[in-house]
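One-letter residues, chain by chain:
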Amino acid sequence: MEARLDQLDTRFRRFGDVAAKFSEEIIETVSGTTVEGEASKTADINVEIAKAIFGKWSIEILAILYHIGAVGFEELRRRLGAISPRVLSTKLKVMELQGLVERSVRTSRPIGVRYSLTEEGLTVAKIGEPIFLYLRFCLG
């Protein structure tokens, strides 16, 4: 078991190196400068994005919709546990505006609403999944 965990740790470290290189290339492509030249600006922007996207309940909503798929409002609320309907409704509206979640109305009887990830939300979830796997297997 220890050898398998060491192998996982090595694979995650390699993945982290590849992801860091990818990020450097994106920053250079978008801004025309190096990571070092953009470090302070990048840190500030990343903090603002983290506050907006990863505020309370966002990660939980993304994870549920990624792993379970489209769900109705009440099912989502039950899976989240201690969230009020008002807070969930507000959070879903914000995530819709951010382009991460889409709301679709079912015209069947009874009429219902389903929430699912947009392509952008799905991409965020896919990129984030290795982080959770690393935390689960290598740190936990």
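These notes cover the structure that comes with them. (Residues numbered from 1 in each chain as written. Predicted model: local features only at pLDDT ≥ 70, side-chain atom pairs only at ≥ 80, totals over all residues. Heavy atoms only, no water.)

Turning next to the packing of helix α1 (residues 2–31) against helix α6 (residues 119–139). Contact geometry of α1 with α6 gives a least axis separation of 10 Å together with a crossing angle of 150°. Taken together, the axis directions place α1 and α6 in an arrangement best described as roughly antiparallel. You can see that α1 and α6 cross each other, and the crossing is left-handed. When α1 is examined against α6, the residues L5, L8, D9, F12, R13 and F15 are found in contact with a partner set consisting of P130, L133, Y134, F137 and C138. Looking at the contact of α1 with α6, its residues break down into nine nonpolar, no polar and two charged. (Axes fitted to C-alpha atoms, helices over the stretch in contact; angles between N-to-C directions. Helix = DSSP H or I, 4+ residues; strand = E, 2+ residues; numbered from the N terminus. Parallel < 35°, antiparallel > 145°, perpendicular 65-115°, else oblique. Left-handed = near helix turned anticlockwise from the far one by under 90°. Contact = heavy atoms within 4.5 Å. Nonpolar A, V, L, I, M, F, W, Y, C, P; charged D, E, K, R; others polar.)

Take the pairing of strand β3 (residues 112–117) next. Here strand β1 (residues 71–72) runs beside β3; their pairing, made up of two bridges, is antiparallel. Note on β3: the bridge partner recorded for V71 is Y115. Strand direction decides the pairing type here: strand β2 (residues 101–106) and β3, joined by six bridges, are antiparallel. The residue bridging R106 from the neighbouring strand is G112, located in β3. Connecting β2 to the next strand, β3, in antiparallel fashion are five residues. (Pairing = 2+ DSSP bridges.)

Right, let's talk about the packing of aromatic side chains for a bit. Within the structure shown, the criterion is met by two aromatic pairs. With centroids separated by 5.2 Å and ring planes inclined at 75°, the aromatic side chains of F12 and Y134 adopt a geometry described as edge-to-face. Here F12 is found in helix α1, whereas its partner Y134 is found in helix α6, with 122 residues between them in sequence. Of the residues examined, F12 reaches a relative accessible area of 16% and is grouped as buried. Accessibility expressed as a relative area gives 22% for Y134, which makes it partly exposed. (Phe/Tyr/Trp six-rings, centres within 6.5 Å; stacked < 30°, edge-to-face > 60°. Buried < 20%, exposed > 50% of the residue type's maximum accessible area, 1.4 Å probe, protein only.)

This brings us to a nonpolar patch on the surface. Residues I131, F132, L135 and L139 make up a contiguous nonpolar surface patch of about 400 Å² in total accessible area. A relative accessible area of 57% means that L139 is categorised as exposed. (Patch = residues over 30% accessible without salt bridge, like charges linked within 9 Å, V, L, I, M, F, W, Y side chains within 5 Å. Areas by Shrake-Rupley, 256 points an atom, 1.4 Å probe, with all protein chains shown as cover. Salt bridge = Lys/Arg side-chain N within 4 Å of Asp/Glu carboxyl O.)

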